[in-house]
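# Observations on chain architecture
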Amino acid sequence: MSAKKGDATALNASRRAAELTALAEQRLDILVIGGGITGAGIALDAASRGLTVALVEKHDLAFGTSRWSSKLVHGGLRYLASGNIGIARRSAVERGILMTRNAPHLVKAMPQLVPLIPTIGTLERALVRTGFLAGDVLRRLAGTPASTLPRSGRVDAGRAAELVPAVRRDRLDGALLAYDGQLIDDARLVTAVARTAAQHGARILTRVAADRARGDGAALTDQLTGESFDVAARAVINATGVWAGQVDPALRLRPSRGTHLVFDAAAFGNPVAALTIPIPGELNRFVFAMPEQLGRVYLGLTDEDAPGPIPDVPQPTPQEVSFLLDTVNTALATALGPDDVIGAYAGLRPLIDTPGGRTADISRDHAVVESDTGLFSVLGGKLTEYRHMAEDAVDRAVTSRGLRAGECRTRNLPLVGAPANPVATFRSAVDSGAELPARLPSSLVARYGAEAPNVIARAACDRPTDPVAEGIDVIRAEFEYAVTHEGAMTVEDILDRRTRIGLVAADRQRAVAAAEEILAAAE
């Protein structure tokens, strides 16, 4: 089982082995350390400018913070409320680029419903409405059409209940409705960016650790074989997020933990809008109950200091669980309890260290810094601005090292799966001779966009269009494609990052056999 020859976007074990061997024999223009959204974005930016690039990641793509977000592409409204006009404007611009050019298949408009219940007073209502109107202004200034992201407004109680059936009806005075960008999944965005970087010539190497990183190279170790070698580069960029201080001990970050709870969508009446509740006493913070893929609702978000050692997989605290439940229950007709929670996850924000105060008040801006050894590091930032952060980092490396590179192209560069990306048609189902179903599953199209027919057409496994387990909206061909095209090497890669099946323990147990079968066939 392997990707067909000529597929420049396919990440798999054979490509990894060949590129790892070649890497030891070449001096790179840029070595990127870290396979989250920032590192993948840097690799794409640099490769699309014509630079020789390799990205190395100790674990898997999107192993860290990049898979633990709210899956939102924020338009910057929160930052406008706190007076940071620069971040607000950039966020709105970057959201528009993702929704209209880079990844229209992965980012859609999500309705955000603020129910006007008695606990939301007159002042809070006015502030929310003013904020939504300001969001409309940001959208227009960013050039995002209303056909992509509708205008905000007010709806009556009946319409509010249609959008979120679980909302409390008692003295419900309608609702305020606005729209923001929502990712089908953050880890899928990372994978798409990484594969697009590979399409432009970048080497994307997971399970490769970087040690003794400096401005002109690093020592690399293949985590699968234990073999080590040195690689030379004209510039090295540390994009490891909350782990940046482990690569460069001089760096100081202040991690902040954000926790989400996972529910069956039926607990919220199978909503089609995100129930959005202002946090009491806060001007620009909300709790969101967001409808997600696989029939789930994610409830978040917290913002808590997370000092101490950085865990590979952060864990929610009981206090955060209680806070989220208590806040959302103020807007529900029937209260939810701990027994309704079927999964949970937490991620650490890589905030730039600011002494004192709350992490919620620390700027989400980013910085590109250079160490005494010449190593560049990207600190801070938000997922929405990953493309801008990558452009900033590559600009800095090109200027400082005198690299010969073209202008940044990523503003208008469609990712794998976007209709304008050539991979959507370069090996069509018709060319392959595969027999496709009369109608592709909507969930498959939501995750793969224009590439969806290829997922089935390339499948060599038995029963490719069967679900991986009863009641799970993922087909067997997706598991195979994760291995042959998306760099998945373990059951965890498949269940926890290429799909979100692993968020619910019972679903994981039912799907693990299919993942093991697909991996065994690939050996």
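Rules used throughout
- In this numbering scheme, every chain counts its residues from 1 along its sequence in written order.
- Whole-chain, interface and lining totals are the exception, using all residues; otherwise, since this is a predicted model, local features are given only for residues with pLDDT of at least 70 and side-chain atom pairs are given and counted only at 80 or more.
- To get the side-chain values, all heavy atoms of the structure are used, and hydrogens and water are removed first.
- The angle between two axes is taken between their N-to-C directions and runs from 0 to 180 degrees, where each axis is a line fitted to C-alpha atoms and a helix contributes only its stretch in contact.
- Strands here are runs of E lasting at least two residues and helices are runs of H or I lasting at least four, both read from the DSSP assignment and numbered beginning at the N terminus.
- Roughly parallel means an angle under 35 degrees; roughly antiparallel means over 145; roughly perpendicular covers 65 to 115; every other angle is labelled oblique.
- Here a crossing is taken to be left-handed if its near helix is turned anticlockwise relative to the far helix by less than a right angle, and right-handed if that turn runs clockwise.
- The criterion used for residue contact is that any of the two residues' heavy atoms lie within 4.5 Å.
- Polarity classes work like this: nonpolar for Ala, Val, Leu, Ile, Met, Phe, Trp, Tyr, Cys and Pro, charged for Asp, Glu, Lys and Arg, and polar for all others, with Gly in that last group.
- Residue ranges assigned to each domain were obtained from an automatic or database domain assignment.
- When a carboxyl oxygen of Asp or Glu lies within 4 Å of a side-chain nitrogen of Lys or Arg, that pair is called a salt bridge.
- Polar contact criterion, stated in full: a pair of N or O atoms within 3.5 Å, where within protein one must be able to donate a hydrogen and the other to accept it, and residues adjacent in sequence count only if both atoms are side-chain atoms.
- Only rings of Phe, Tyr and Trp enter the pairing, Trp through its six-membered ring, and a pair is recorded when the two centres are within 6.5 Å. The plane angle decides the type: under 30 degrees is stacked, over 60 is edge-to-face, the rest tilted.
- The buried label applies to any residue whose accessible area, calculated with a 1.4 Å probe on protein chains only, is under 20% of its type's maximum; exposed applies above 50%, and partly exposed to all values in between.
- Definition used: whenever NZ (Lys) or CZ (Arg) falls within 6 Å of the ring centre and also within 35 degrees of the ring normal, the charge is taken to sit over that ring.

Contact geometry for helix H15 (residues 476–484) and helix H16 (residues 491–498): axes closest at 10 Å, N-to-C directions at 110°. By the angle class used here, H15 and H16 are roughly perpendicular. The two elements H15 and H16 meet at a crossing, and its hand is right-handed. Along its contact with H15, which presents Phe-479, Ala-482 and Val-483, the element H16 presents Ile-494, Leu-495 and Arg-498. Of the residues assigned to the contact of H15 with H16, the class counts are 5 nonpolar, no polar and 1 charged.

Further remarks concern the domain arrangement of the chain. You can read the domains of the chain as domain 1 (11–64 + 185–251 + 363–410), domain 2 (101–183 + 252–351) and domain 3 (427–520). Between the C-alpha centres of domain 1 and domain 2 the distance comes to 32 Å. With 24 residues of domain 1 at the interface, the matching set in domain 2 holds 16 residues. Summed over the shared surface of domain 1 and domain 2, the result is 0 salt bridges. Put simply, domain 1 and domain 2 have 4 residue pairs in polar contact (both at pLDDT 80 or more) between them. Broken down by class, the residue content of the side of domain 1 that touches domain 2 amounts to 12 nonpolar, 7 polar and 5 charged.

Under the defined criterion, the tally for this structure stands at 5 aromatic pairs. Summarising the aromatic geometry, the rings of Phe-286 and Phe-288 are spaced 6.2 Å apart at their centres and angled 45° between planes, so their arrangement reads as tilted. There is no split in this pair, since Phe-286 and Phe-288 are both buried. Residues Tyr-448 and Tyr-481 carry aromatic rings whose centres are separated by 5.7 Å and whose planes lie at 85° to one another, so their mutual orientation is edge-to-face. Here Tyr-481 lies in helix H15 and Tyr-448 lies in helix H13 (residues 442–448), a separation of 33 residues in the sequence. The two residues Tyr-448 and Tyr-481 agree in class, both being buried. Linked through ring pairs, Trp-68, Tyr-298 and Tyr-345 together constitute an aromatic cluster. Directly above the ring of Phe-63 sits Arg-67, whose terminal nitrogen or CZ lies 5.1 Å from the centroid. One Lys or Arg, Arg-188, reaches over the ring of Tyr-448 and ends 4.3 Å from the middle of that ring.

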